[in-house]
Amino acid sequence: MFGKVIGRRLIFSAFILIAVSLLVFGATLLLPGDAARAILGQQATPERIAALNEQLGLNQPAWQRYFSWLGGLFVGDFGTSTASGGSVAQLLSDRIGNSFILMAAAAIISVPLGIGLGVYSALHRGGRRDSALTGISLVFAAMPEFVIGIGLIAIFATSVFQILPAVTLAPPGEPVWGRPEQLILPTVTLILVVTPYIVRMMRATMIEVLDSGFVEMARLKGVPETRVILRHAVPHALGPVAQVVAIQLAWLAGGVVVVEFLFRYPGLGQALIDAVTYRDVQVVQAISMLVAAVYVVVNLAADVVGILTNPKLRSAA
Amino acid sequence: MTTETTTVHHDDANVPNEKIVLRVSDLKIATTSGNEILHGVNFALSRGEILGLVGESGSGKTTAGLACMGHFREGLKFASGSVSLWPRGDDTAVEVVELDEVAVRSLRGSRIAYIPQDPALSLNPAMRVGEQIREVLDIHQFGASDAERTERVAAVLVDVGLPGDKAYQKRWPHQLSGGQQQRIGIAMAFAMYPDVLILDEPTTGLDVSTQAVVLETIRQMTVANNVAGLYITHDLAVIKDISDRVAVMLRGDLVEEGPVASVLEKPQHEYTKMLMAAVPDLDGRKTIGEGAAEDPEPEPAATHILMSTGQSADSSGSSNSGGSGGSAASAKGSATAAGAIDAPLLQVTDVALAYGKAQILDGINMVLEPGDCTLLLGESGSGKTTLSRCIAGLNDDYSGAVRLRGTELAKSTRKRTNEQRVGIQYVFQSPFSSLNPRRSIGQSLTVPLEMSGEGTAASRKAQVEEALDAVRLGRSFYHRRPGDLSGGERQRAAIARALVNQPSVLVCDEITSALDVSVQASIVGLLRTLREEHHLAMLFVTHNIALSRHIADNLAVLNKGVIVDYGPTASVLENPTHEYTRTLIADVPKF
Amino acid sequence: MSTNTNNLDDLKSAAVDGGEVPKESQTTYTPFFKRVLAQKQGKIGLTLTIIVLLLAFCGPLLLPWATGNTATEFVAKPFSPHGLFGSDNLGRDVLSRFFAGGLTLIIYSVLATALGMILGAIIGMLTAYVGGAFDTIIMRLNDVILAVPQLVFALLAITVLGPQGWVLVTVIGITHAPRIARVARSATLGVITEDYILAAEMYAMPRWKVLMRELLPNITGPLSVEAGLRLTYSIGYIASLSFLGLGLQPPAADWGLMINENRIALSIQPWGVLLPVIAIALLTIGTNLLADSFARATASTSVEA
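Here is what the cut-offs are and how they apply
Residues numbered from 1 in each chain as written. Chains lettered and ligands numbered in written order. Predicted model: local features only at pLDDT ≥ 70, side-chain atom pairs only at ≥ 80, totals over all residues. Helix = DSSP H or I, 4+ residues; strand = E, 2+ residues; numbered from the N terminus. Buried ≥ 20, exposed ≤ 12 C-beta atoms within 10 Å, placed from the backbone. Contact = placed C-beta atoms within 7 Å. Axes fitted to C-alpha atoms, helices over the stretch in contact; angles between N-to-C directions. Parallel < 35°, antiparallel > 145°, perpendicular 65-115°, else oblique. Left-handed = near helix turned anticlockwise from the far one by under 90°. Nonpolar A, V, L, I, M, F, W, Y, C, P; charged D, E, K, R; others polar. UniProt positions renumbered as here; feature names shortened; annotations may be inferred. Pairing = 2+ DSSP bridges. Expected span 1.5 Å × (residues − 1). Bend = angle between axes of the 7 residues up to and from the residue. Core = buried A, V, L, I, M, F, W, Y, C linked by C-beta atoms within 7 Å. Domains from an automatic or database assignment. pLDDT = per-residue confidence, 0-100.

## Side note on the overall build of chain C
Consideration 1: Of the regular secondary structure elements, chain C holds 11 helices and 0 strands.
Consideration 2: When the helices and strands of chain C are read in sequence order from the N terminus, they spell out α-α-α-α-α-α-α-α-α-α-α.
Consideration 3: A buried classification covers 55% of the 305 residues belonging to chain C.
Consideration 4: Sequence-distant contacts, at least 24 apart, represent 69% of the contacts inside chain C between residues at least 6 apart.

This is the structure we're talking about:
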């Protein structure tokens, strides 16, 4: 039964990835008339344009290009970067790890922090600590990530204190985690952006569960309050919150772009901005597909959590 | 009707009595913003007895019941008074509302147990049922060993009539029926051999037959365990069935208290008398809702169109032809002339409906003549709402035919002609859902006229105002919004919407089930008056067999999509031909 | 048990018991706007939003007063003769660029939000109302768009079409739509089972009238919350794109762009960065607080005591 539900989700995930690939590839067809000229600019020589057309395979019909591109994705061939001339896979492989560190660090801290603060807020509903937490999370949820990032830089790196580096220095060959202090500000920025959403969702769900009949019943059975919360209430709140966490993690994959640009962090986001600036279509396509894959994976994980915490789905579905 | 609502003090309940287990004295409870909800309530519970706590919605009966456990819902707080408990084998009383959290927790579930209203919401859906019973025993450290607790879980399950085996204990709540879930709740309550039991409308969501079984279980368990019970309900019939004494609550006051027989047969307080008069009885010895139709703002002089319709109906015996009814009325008139000779007003022939394997309706045949009222009786899942929606054209998945004056109607209301749509009007079950909260009563009531394209804006307004008068709301309700109205007022407005077009058939789908018993009585009274005034044919759909003699000439009993008994009300009730009807009549709490 | 149980006027009045949670329709009605302003969030949010809006709309009118100097120093210190907040790295007056830089951002954000709201509300209401295969297919397509973060989507569009105003507005608006459609759909599903919808169907009310007269007025609450949220996000995205150098192009005066251009000099001339950062922060906080107070105002129909 369980396998069947998951199987259905897997098929749907595959459908999403295929559809996204169509969308991402289809976007390139919107490139104005002469794509190669648009990329290289008006001063390009005819030879260079012809070479680029050859390189992009623009002489073939669109569907052929789509299938060879899609086929390439499966074997890790993401095409050739038009800006640098190197392979896209090579360009990205150096950076995937860096971005992953940033995202993983932010996720590991913000998920438990958000859940904890949300539960705390719900238990003190209506009180002063609850409204303070709600207010703070509203403020941080509102601001774009670069605003928060610049605020942190102004406070910790330039204007007020000068205790942390404002930008990432990564000499070639040295990994970013070689200097852990330069990871702090980007990670904190991401945490400050992601956590408020988790707090708010956890709080709302917990309040709903705490008002439910079975929580009142547990209290009327004489169940101690800690057990009421941990055994009866929290498990019911985890399913819905897993969905929000998944959306937030998927967002991390996109929102990391701005943060990396701000801190000059050598990750995928930075590569994406460069690629957009140079209209390096192959790189933009590859990164879009990677981001969609992250979305699909975290959503699958959230579905599993949802099924595991709900016996109705577990046994009946 | 204004009634003095001071709390009564019954001496016999307050004299020292060794049987008394729990005494509530002068209990006051307020909202956190300071509004008093309970104004000083007194009652006592004795071992082996059940006290019925009766009241309509908003009377504060659940609040009083939960206070016995030292529990106050979100937004409420204890104000003053006392709740004293004499636990078994203990001579000194415990003051429940003054205990600290740990002490009160040790009483809950062990000395005072609670059986909730809706078992589907009160059992933890993510915990196996055996584990939920076991949890009570673990927390209160029942017995000496693990084995003893395991044994107790199985034993108490058997006590409430469920299998006690391991496989059953491993089930999830959603795998049990409503009746079984409620018995798990009862088992949980009795697991620790409590002294006091608080029962909060434990049978409200259940069918009559399931209710009978659950009530029987509760009664047996109470006697066998010598427990003092507090049974909270709005249903006087159930009270008569199960309790020894009864206390009546009204808006936070306890207005009358005493032995069941004396309170129900010789009520002293105005409110109790009114309640008693409002409860429908199966034998139909009294007339419920008499005069109640006239109650809110009677303005009889203003109802000239509908009155004249009524008069013409009285004289000619056919349907209306009054006022600004214009084209529709004349069309109806001709239809009547053509079909009146042989065809009945409304005829349902071989109506059947199935969704996949589930046969919802199976070969339904019914006839309704002008001025007739047929009561369609069925429990939940019998298909009664589906049938009434097929007739109204809201459900077009059926096969068979619905005929109005001999003409077969299209299945969907959108495909029916204007006159056909106007001819059959449908009133929805919940008055809280059937009126658009964003629109005024007047706007909502104008819709039928607007859609049938009759008259001018002014004439429509006049018709709506007359309909409001006819349901005894008065035209001042025209500009009000549903949010300002009580449930009964909303239901009257919904009935008025069905009347503006002067229909010949009115389908009423469980229209009193969401209402308090006194409001139900006044609605039933209103329908009776409207039938006479407008010569309406009516299909009254309900689960409440006790209403049959109060409203209907004919009775149709629907069970699993089949009409099992059909005939004049009196003969069906006195000589039921089908086994199902017989059990239904036997299971209904006698009043 | 509901708390207002003791203000019943007569014996027959039926209050709503604890079992039936009062819905929007069941309590006394206070106008939406009053309910919003009765809350602290509502007041603060509206004040912040209005302040920044005034600044952005009236700022350009103040330019003649604010400019009037052409500093030649590379970076002029604030509070110097070269303008109140100094000049930027090209010697342009920071204050005048700040005054001029908010208008486009706000106009673009409002347009993108409006586009998303119209598309999303129509899609959401139709899918819920029509149901069946139409609903399934549209919602599946929605999920596809949801799989790519909005910012990445915008970057993809900019790569192909270039950093132009209409591209920003269209792509942000279109990627808002599926998210708004989800909200509109579930709000509609909550209302569509109500009997008053069925009653309208019963009287054969034309379907567009059912949607406009019976449905839409009953989902304006959730939709207004969504509009507030989406406006907050639109401002964030468009400012972010400008900050990345992919929105408005130099030499346009724009808050996001200003931050990008001046952040190198953050330690010596912070005002070129801080002024626009503070303005964007206040604006987004203001709109988000407003959205939150819309949500609270929707949840209860009367003003909390």
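Read on, since the account is not over.
## What to know about the overall build of chain A
Consideration 1: Of regular secondary structure, chain A possesses 13 helices and 0 strands.
Consideration 2: Reported as C-alpha extents along the three principal axes, the dimensions of chain A are approximately 85 × 55 × 35 Å.
Consideration 3: Across the 317 residues in chain A, those meeting the buried criterion constitute 44%.
Consideration 4: For chain A, long-range pairs separated by at least 24 residues make up 70% of all intrachain contacts whose partners lie at least 6 apart in sequence.

## Points about the packing of helix 9 (residues 208-225) of chain B against helix 23 (residues 579-587) of chain B
Residues and elements named next belong to chain B.
Consideration 1: The geometry of helix 9 relative to helix 23 is characterised by a closest axis approach of 9 Å and an angle of 45° between their N-to-C directions. If you check the angle between helix 9 and helix 23, you find them oblique. In terms of crossing hand, the pair formed by helix 9 and helix 23 is left-handed. Between helix 9 and helix 23, the contacting residues are V208, S209 and A212 on the first element and T583, L584 and D587 on the second.
Consideration 2: Of the residues assigned to the contact of helix 9 with helix 23, the class counts are 3 nonpolar, 2 polar and 1 charged.

## A few points about the UniProt feature "transmembrane region" (unreviewed entry) in chain A
Consideration 1: Summarizing the sequence annotation, UniProt attributes the feature "transmembrane region" (unreviewed entry) to residues 12-31, 100-123, 135-163, 183-199, 237-263 and 283-308 of chain A in the numbering used throughout.
Consideration 2: Helix makes up 100% of residues 100-123 of chain A and strand makes up 0%, while its end C-alpha atoms are separated by 34 Å.

## Observations concerning the sheet that holds strand 18 (residues 537-542) of chain B
All names here are of chain B.
Consideration 1: Pairing is mixed across the open sheet formed by 6 strands, whose spatial order is 16-17-18-13-19-20. Edge strands, defined here as strands with exactly one partner in the open sheet, are strand 16 (424-427) and strand 20 (562-568). Neighbour-to-neighbour, the strand axes of this sheet turn through a mean angle of 15°, independent of strand direction.
Consideration 2: Bridging between strand 19 (residues 554-559) and strand 20 involves 6 bridges; their strand directions are antiparallel. Directly across from L558, in strand 20, lies its bridge partner I563.

## Here we look at the pairing of strand 16 of chain B
Residues and elements named next belong to chain B.
Consideration 1: The alternating pattern of strand 16 places I424 and Y426 and Q425 and V427 on opposite faces, both of which are buried.
Consideration 2: Relative to strand 17 (residues 505-509), strand 16 is paired through 4 bridges, and the arrangement is parallel. Within strand 17, the position partnered with V427 by the bridge is C508.

## Points about the interface of chain B and chain A
Consideration 1: Residue-level contacts link 24 residues of chain B with 19 residues of chain A.
Consideration 2: Those elements that provide at least two residues to the side of chain B that touches chain A are helix 3 (101-107), helix 4 (119-122) and helix 5 (129-139) of chain B.
Consideration 3: The greatest single-element share of the side of chain B that touches chain A, amounting to 3 residues, is contributed by helix 5 of chain B.

## Focus: helix 7 (residues 165-192) of chain C
Consideration 1: For helix 7 of chain C, built from 28 residues, the straight-helix expectation of 40 Å at 1.5 Å per residue is met to within 8% by its first-to-last C-alpha distance of 38 Å.
Consideration 2: Its maximal kink placed at C:A177, helix 7 of chain C deviates by approximately 30°, while the proline C:P178 follows within four residues.

## A short note on the nonpolar core
Consideration 1: Counting 336 residues, the largest nonpolar core has B:C68, B:V196, B:A496 and C:A154 as the members making the most contacts within it.
Consideration 2: Of the residues that make up this core, three or more belong to each of domain 1 (20-120 + 195-278) and domain 2 (346-434 + 504-587) of chain B.
Consideration 3: Setting aside chain neighbours within four positions, we find B:C68 in contact with B:L22, B:V24, B:V83, B:V96, B:I112, B:V196, B:I198 and B:L230.

## Considerations on the sheet that holds strand 11 (residues 346-355) of chain B
Residue and element names in this part refer to chain B.
Consideration 1: If you walk across this open sheet you meet the 4 strands as 12-11-14-15, and the pairing is antiparallel. Each having just a single partner strand, strand 12 (358-368) and strand 15 (407-408) make up the two edges of the open sheet.
Consideration 2: Bridging between strand 11 and strand 12 involves 7 bridges; their strand directions are antiparallel. From the neighbouring strand, L353 faces strand 12, where its bridge partner is L361.
Consideration 3: Sheet contacts for helix 15 (residues 384-392): strand 11, strand 12 and strand 14 (399-404); angle to strand 11, the most-contacted strand, approximately 120°.

## Concerning the packing of helix 7 (residues 145-156) of chain A against helix 11 (residues 271-299) of chain C
Consideration 1: Helix 11 of chain C packs onto helix 7 of chain A with a crossing angle of 135° between their chain directions and a minimal axis gap of 10 Å. In terms of orientation, helix 7 of chain A and helix 11 of chain C fall into the oblique class. The handedness of the crossing between helix 7 of chain A and helix 11 of chain C comes out as left-handed. Between helix 7 of chain A, through A:V147, A:I150, A:G151 and A:A154, and helix 11 of chain C, the contact on the second element is made entirely by C:V273, C:L274, C:V277, C:I280 and C:A281.

## Brief notes about helix 11 (residues 268-277) of chain A
Consideration 1: The buried fraction of helix 11 of chain A is high, at 7 of 10 residues.
Consideration 2: Among all positions in helix 11 of chain A, only A:L268, A:G269, A:Q270, A:A271, A:L272, A:A275 and A:V276 are buried.
Consideration 3: Summarising the contacts, the buried residues of helix 11 of chain A are in contact with helix 5 (88-123), helix 10 (225-263) and helix 12 (281-308) of chain A together with helix 6 (150-161) of chain C.
Consideration 4: Where helix 11 of chain A ends, the next residue or the one after it, A:R279, has phi of about 50°, a positive value.

## Describing unusual backbone geometry
Consideration 1: Backbone geometry at A:R279 places phi at a positive 50°, although glycine is not the residue there.
Consideration 2: In this structure, A:R279 sits in the loop between helix 11 and helix 12.
Consideration 3: Despite not being glycine, B:Y193 shows a phi value in the positive range, around 50°.
Consideration 4: Relative to the assigned elements, B:Y193 resides in the loop between helix 8 (178-190) and strand 7 (196-200).
Consideration 5: For B:Y193, a count of 15 C-beta atoms within 10 Å corresponds to the partly exposed category.

## Details of the environment of B:R245
Residues and elements named next belong to chain B.
Consideration 1: Relative to the helices and strands, R245 is located in strand 9 (residues 245-250).
Consideration 2: Exposure remark for R245: the 24 C-beta atoms within 10 Å place this residue in the buried category.
Consideration 3: For the pair R245 and V24, spaced 221 residues apart in sequence, the C-alpha separation works out to 15 Å.
Consideration 4: Setting aside its immediate chain neighbours within four residues, R245 contacts E49, L51, G258, P259 and V260.

## Quick word on the confidence of the model for chain C
Residue and element names in this part refer to chain C.
Consideration 1: Counting all residues, the mean pLDDT for chain C is 78, and 79% of those residues have values of 70 or more.
Consideration 2: Helix 3 (residues 94-100) is the least confidently modelled element of chain C, averaging 78 in pLDDT, while helix 4 (residues 103-130) averages 93, the highest of any element.
Consideration 3: Both scores are given for the predicted complex: the pTM is 0.81, the ipTM 0.85.

## A short note on the pairing of strand 6 (residues 112-115) of chain B
Residues and elements named next belong to chain B.
Consideration 1: Side chains of strand 6 alternate between two faces, with I112 and Y114 and A113 and I115 buried alike.
Consideration 2: Sheet analysis places strand 6 next to strand 7, joined by 4 bridges and oriented parallel. When the bridges of strand 7 are listed, I115 appears paired with L199.

## Observations concerning the environment of B:R47
All names here are of chain B.
Consideration 1: Summarising the element assignment, R47 is placed in the loop between strand 2 (36-46) and strand 3 (50-54).
Consideration 2: Residue R47 is classed as buried on the basis of its 20 C-beta neighbours within 10 Å.
Consideration 3: Dropping the residues within four chain positions of it, R47 is found in contact with K19, V21, N226 and A228.

## A short note on the environment of B:L157
Residues and elements named next belong to chain B.
Consideration 1: Within the element layout of this structure, L157 appears in helix 6 (residues 146-159).
Consideration 2: Remark: the alpha-carbon pair of L157 and E533, spanning 376 residues in sequence, is separated by 56 Å.
Consideration 3: Discounting chain neighbours no more than four positions away, the residues touching L157 are L162, P163, G164, Y168 and A187.

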